[in-house]
Amino acid sequence: MTQQEVSWKGKHVYKVRDQRSPVLIDEPESEILRSEVEPWLTALFQSEHLGLLLGAGLPTALHFLAKGDAGAGMERMPLSAFSDQIGKATTESAKRAGRGNANIEDQIRVCNELIRGLEIYVTTDVYGSGKIRKELQKLKSEVAHGLASFANNVLRSEHNVINAANSEVAAEYLMNFLVSFSSRSATRERLNLFTTNYDRLIEYGAELAGVRLIDRFVGTINPVFRSSRVEVDMHYNPPGIRGEPRYLEGIVHFTKLHGSLDWAAKDNVIKRFALPYGASDITQYTRDNQINLMVYPNSSKDRETSEYPYVEMFRDLAASICRANSTLVVYGYSFGDEHINRVLVDMLSIPSTHLVIISYDDDSGRVQNFYAQAKRPAQISLLIGKHFGDLQTLVDNYLPKPAIDRTTIKMADLLKSRGLAQFDSKHNESEDKA
């Protein structure tokens, strides 16, 4: 059995720099691995184009830091109407997507397809249509209630992260994590940040860190989703210089691929409504059930409206990462969304691109399967296991310094030109030990 055929489940796996194949480690030591991993990530983070894709692992890690448990999950909602048919179709949908166990997204997708089909069926006065209409209304009510309950679970996780005993620790590591990626030199393109999460922990951390998030929404009172605002940026004019604006630091282009708890569809427009951070019940802010919550896949009756924001955002993902000299870092994403995986494979077809996968575990085997099927080992770096995926360990030991570090670079060049590079490395080692 070759090393690549050995299961990664429960193991620490890493692959950086010019390593030809993944290395399995029993007990990782930060002091030893840092000298290999941190410089490699620092170099990759200064690629011409840098992207960051965050999955459910980030809010889970933050909830562990703040409260000691995983927080909201993706468990399916209880249904009584058409439950057998929906359950079977949901399981098959998850298997086709390579997810194994089905989650609430699979369930809602199946429910929406069934609802659309039954709505067409009952328009004709066929035998049994009256009974089907009653069951259909029951299903719609159960889906709406289940979606609200799921949203409230996510809201409770938000509340816990900012109010638990160790909330300050969680906030500190969230800020340092985000700034490590967003500290881009003005000569480089902005960080393009993507997430599949519905919560607003990234927005919360960005506010604490002073990072400005630019998304497609325009406005202050009721921000509206606009397709034409993807290239918006912020500049300033340096004193004494005319006609040469500079990029403002601390700007990130932000895309929530699966929607958000505070997005809603109303009057054929996608808006961000005022939902207080850490609120307890989302139904208090979706008045008279006239607001359709935009989480993917949503329960919108209007198919064009339901597809509209997500199609635009997935196009952003593909356009952002499928470019020469691009690096994409993936953290906390389980590789369970086939539509995202296809984009990642397309990105790796460009030889100058690179993918960094950071994951707390690979119990499902999906990361290993993706690595094997992508067939681009030279373009993939791996940091997998509880050691690497732990947010605190990752920030403290492996992520680049959370600042635009021109001074250190200039000092290293100066010491090298004077023949003192060896002294500098010993000095850094003594500082690390201290």
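The following paragraphs examine the structure supplied in this document.

So, how was this worked out
Residues numbered from 1 in each chain as written. Predicted model: local features only at pLDDT ≥ 70, side-chain atom pairs only at ≥ 80, totals over all residues. Heavy atoms only, no water. Pairing = 2+ DSSP bridges. Helix = DSSP H or I, 4+ residues; strand = E, 2+ residues; numbered from the N terminus. Axes fitted to C-alpha atoms, helices over the stretch in contact; angles between N-to-C directions. 1 Å grid on protein atoms, 1.4 Å probe; cavity = no way out; pocket = protein on both sides within 12 Å on 5 of 7 lines; lining within 4 Å. Points joined across faces, edges and corners; volume = space filled by probe spheres on them. Nonpolar A, V, L, I, M, F, W, Y, C, P; charged D, E, K, R; others polar. Salt bridge = Lys/Arg side-chain N within 4 Å of Asp/Glu carboxyl O. Buried < 20%, exposed > 50% of the residue type's maximum accessible area, 1.4 Å probe, protein only. Core = buried A, V, L, I, M, F, W, Y, C linked by side-chain atoms within 4.5 Å. Contact = heavy atoms within 4.5 Å. Parallel < 35°, antiparallel > 145°, perpendicular 65-115°, else oblique.

## Concerning the sheet that holds strand S2 (residues 23–25)
Taken in spatial order, the nine strands of this open sheet run S2-S1-S16-S15-S14-S3-S4-S10-S5, and their pairing is mixed. The sheet is open, and its two edges are formed by S2 and strand S5 (212–214), each paired on a single side. Neighbouring strand axes in the sheet, compared pairwise and without regard to direction, differ in orientation by 25° on average. The pairing of strand S1 (residues 12–15) with strand S16 (residues 380–384) spans three bridges and is classified as antiparallel. Bridging from a neighbouring strand, Val13 pairs with Ile384 of S16.

## Remarks on empty space enclosed by the protein
Counted according to the given criterion, the structure contains three cavities of 30 Å³ or more. If you add up the space inside the second largest cavity, you get close to 50 Å³. The set of elements that each furnish at least two residues to the lining of the second largest cavity consists of helix H6 (167–182), strand S4 (191–195) and helix H7 (201–209). Of the residues belonging to the lining of the second largest cavity, the class tally is eight nonpolar, one polar and no charged.

## So, the pattern of salt bridges
Under the definition given, this model contains 11 salt bridges. Between Glu119 and Lys140 there is a salt bridge, with its nearest N and O atoms 2.7 Å apart. Of this pair, Glu119 sits in helix H4 (residues 104–121) while Lys140 is found in helix H5 (residues 129–163), placing the two residues 21 residues apart along the sequence. A relative accessible area of 25% means that Glu119 is categorised as partly exposed. A residue is classified by how much of its surface remains accessible, and Lys140, at 22% relative accessible area, is partly exposed. Lys256 serves as the salt-bridge partner of Glu203, at 3.0 Å between the closest nitrogen and oxygen. Placement of the pair is Glu203 in helix H7 and Lys256 in strand S10 (residues 251–256), with a sequence separation of 53 residues. The pair formed by Glu203 and Lys256 is uniform in burial state, with each residue classed as buried.

## As for the nonpolar core
Grouped together as the largest cluster of nonpolar side chains are 44 residues, with contacts concentrated most on Leu58, Phe177, Tyr331 and Leu391. At seven residues, the largest contribution of residues to this core is made by H6. Beyond its immediate stretch of four places on either side in the chain, Phe177 contacts Leu52, Leu54, Leu58, Tyr331, Leu391, Leu394, Val395 and Leu399. By size, the runner-up hydrophobic cluster in this structure holds 34 residues, among which are Val13, Phe194, Phe314 and Leu355.

## Comments concerning the packing of H6 against H7
Packing of H6 against H7 brings their axes to within 9 Å, and their N-to-C directions diverge by 85°. Relative to H7, the element H6 lies roughly perpendicular. Facing Ala171, Leu174, Met175, Leu178 and Val179 of H6, the residues of H7 in contact are Leu201, Ile202, Tyr204, Gly205, Ala206, Leu208 and Ala209. In terms of residue class, the contact of H6 with H7 is made up of 11 nonpolar, one polar and no charged.

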